[in-house]
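Commentary on secondary and tertiary structure
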Amino acid sequence: MSKPIIFSTRVLPEPVMDRLKAAFDLRCNPADLPLSKVQIMEGIQAAEGMISMLSDTIDREVLEAGRSLKIVANYAVGYNNIDLEAAKARQIAVTNTPGVLTETTADLTWVLLMAIARRICEAHQWVQSGKWTGWAPTELMGVDVFGKTLGLIGMGRIGKAVARRAAGFKMNIVYFSRHALPKAEETALGVRSLPLSELLEASDYVSLHLPLNDASRHLIDQDALRRMKPGAFLINTSRGPIVDEKALCQALAENWIAGAGLDVFEAEPRISPELLRLKNVVTLPHIGSASLETRVKMGFMVMENLLTAFQGSIVPNRVI
Ligand code: DGY
């Protein structure tokens, strides 16, 4: 029996590629570079399944080019890059990779939080530049994390994993979510629900952990940034467009807030030039899930989603 044709827009980690090649007639973009929309449309012409990245825009036009397409398996937990309505109309299944990247993304949130609070990138550059002349009582002073107030916006898997880490730092943890957690879970995590405006006003660190959709786009706008404390930091490991990047640049330049740790940007891979000039920012290239173990697990999950779809079984991790 012939194997289903799968098109992958990028090369995935080797163990994943090996399994994909064994199970499918795999066609893959050989370059370690994103494809243009036209190239994706060409790539999926004969494909029955596709593996897409969060950086690929899978809109109606793209989906229409995949005449035999039965499934789009996104290599990410977020799926805001896919037009779900268009996929539904063409009866194309869409899957994601929830759960396996939770702890890795929570770890990276913590990396950013600690790095911006303790000025780690500035300190590293200082040492590397050869300018360090020895210990000094007032050099590169940051601020404490221990015992401060952490405001989590979004309390899904990743928000909770960040809260568990914060407990070790004896932080006062508050959260905002459209769906408050059951009381028992709040108690177990040591978190307290607050309205968004109160959370912004109370927190020393505000960390974003919600999906991008119409309700969350620019949730952190000029008004939200003005509500934050002048000494507060914003951390974003979710999706760039949740923050109005122009407003954030102004907030950082004019010290409405103390700093930001960002793994995601409004128009990736483009970043506002002002952000790159500011000292009170740590910027990372969207590496929230980028540990070898996790990227392999994500790939195996994509594989499972595809296999079940072609076996006619129940497809796990289906978002539609
Ligand atoms: C995701 O999977 O949505 C993450 O952003 C990947 O880093």
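The structure presented is a predicted model; accordingly, all values stated were derived computationally and were not measured.

Quick look at the packing of aromatic side chains now. Here the structure, examined in full by the defined rule, presents 3 aromatic pairs. Relative to Phe310, the ring of Phe24 has its centre 6.2 Å away and its plane inclined at 65°; by these criteria the two rings are edge-to-face. Taken together, the residues span a long stretch of sequence, with Phe24 in the loop between helix 1 (14–23) and strand 2 (25–28) and Phe310 in helix 13 (residues 292–311) at a distance of 286 residues. Among the residues examined, Phe310 registers a relative accessible area of 24% and is labelled partly exposed. Between the aromatic rings of Tyr205 and Phe233, the centroid separation amounts to 5.4 Å while the plane-to-plane angle is 15°, which identifies the pairing as stacked. Placement of the pair is Tyr205 in strand 9 (residues 205–208) and Phe233 in strand 10 (residues 233–236), with a sequence separation of 28 residues. In this structure Phe233 comes out as buried when scored by relative accessible area, which is 7%. Over the aromatic face of Phe300 sits the side chain of Arg19, whose NZ or CZ is 3.7 Å from the ring centroid. The ring of Trp256 carries Arg226 above its face, with NZ or CZ at 3.8 Å from the centroid.

So, on to the pairing of strand 10. For a regular strand, the rule is simple: side chains alternate between the two faces of the sheet. Alternating residues of strand 10 divide into Phe233 and Ile235 and Leu234 and Asn236, and every residue in both groups is buried. As defined by bridge partners, strand 9 adjoins strand 10 across 4 bridges and the pair is classed as parallel. From the neighbouring strand, Val206 faces strand 10, where its bridge partner is Leu234. Taking the sense of rotation as the criterion, the β-α-β connection linking strand 9, helix 10 (residues 222–227) and strand 10 turns out right-handed. Pairing of strand 10 with strand 11 (residues 259–262), which is carried by 4 bridges, proceeds in the parallel orientation. Bridge pairing links Ile235 to Gly261 in strand 11.

Among the nonpolar cores identified, the biggest contains 48 residues, and Leu20, Ile51, Leu150 and Leu306 are the most heavily contacted of them. Of all the elements in the fold, those that place two or more residues in this core are helix 1, strand 4 (71–74), helix 5 (102–117), strand 6 (149–153), helix 7 (157–168), strand 7 (172–176), strand 10 and helix 13. Apart from the residues lying within four places of it in its own chain, the contact partners of Leu150 are Trp110, Leu113, Val162, Ala166, Met171, Asn172, Ile173, Val174, Ser203, Tyr205 and Ser207. Of all hydrophobic cores here, the second largest spans 32 residues; its members include Leu194, Leu199, Leu212 and Leu219.

This brings us to unusual backbone geometry. For residues besides glycine, phi is generally negative; the peptide bonds are generally trans as well. For the peptide bond that leads from Glu268 to Pro269, omega is 0°, which places it in the cis range. Tracing the sequence through the fold places Pro269 in the loop between strand 11 and helix 12 (273–277). For Gln91, which is not glycine, the phi torsion reads 55° and is therefore positive. Along the chain, Gln91 falls in the loop between helix 4 (84–89) and strand 5 (93–95). Looking at Gln91, the relative accessible area reads 71%, which means it is exposed. Residues other than glycine seldom take positive phi values, yet Asn255 does so here, at roughly 55°. For Asn255, the location among the structural elements is in the loop between helix 11 (245–253) and strand 11. Relative accessible area serves as the criterion here: at 52%, Asn255 is assigned to the exposed category.

Domain annotation of the chain identifies domain 1 (5–100 + 292–311) and domain 2 (102–283). Placing the centre of domain 1 and that of domain 2 at their C-alpha centroids yields a distance of 31 Å. On the domain 2 side, the residues contacting the 8 residues of domain 1 number 5 residues. The junction of domain 1 with domain 2 conceals about 570 Å² of combined surface from both sides, 44% of it contributed by carbon and sulfur atoms. One can count 0 salt bridges joining domain 1 with domain 2. Along the contact surface separating domain 1 from domain 2 lie 3 residue pairs in polar contact (both at pLDDT 80 or more).

About the thresholds
Residues numbered from 1 in each chain as written. Predicted model: local features only at pLDDT ≥ 70, side-chain atom pairs only at ≥ 80, totals over all residues. Heavy atoms only, no water. Phe/Tyr/Trp six-rings, centres within 6.5 Å; stacked < 30°, edge-to-face > 60°. Helix = DSSP H or I, 4+ residues; strand = E, 2+ residues; numbered from the N terminus. Buried < 20%, exposed > 50% of the residue type's maximum accessible area, 1.4 Å probe, protein only. Lys NZ or Arg CZ within 6 Å of the ring centre and 35° of its normal. Pairing = 2+ DSSP bridges. Right-handed = clockwise from strand over helix to strand, strands pointing away. Core = buried A, V, L, I, M, F, W, Y, C linked by side-chain atoms within 4.5 Å. Contact = heavy atoms within 4.5 Å. Domains from an automatic or database assignment. Buried area = accessible area lost by both parts, 1.4 Å probe. Salt bridge = Lys/Arg side-chain N within 4 Å of Asp/Glu carboxyl O. Polar contact = N/O pair within 3.5 Å; in protein donor to acceptor, adjacent residues only side chain to side chain.

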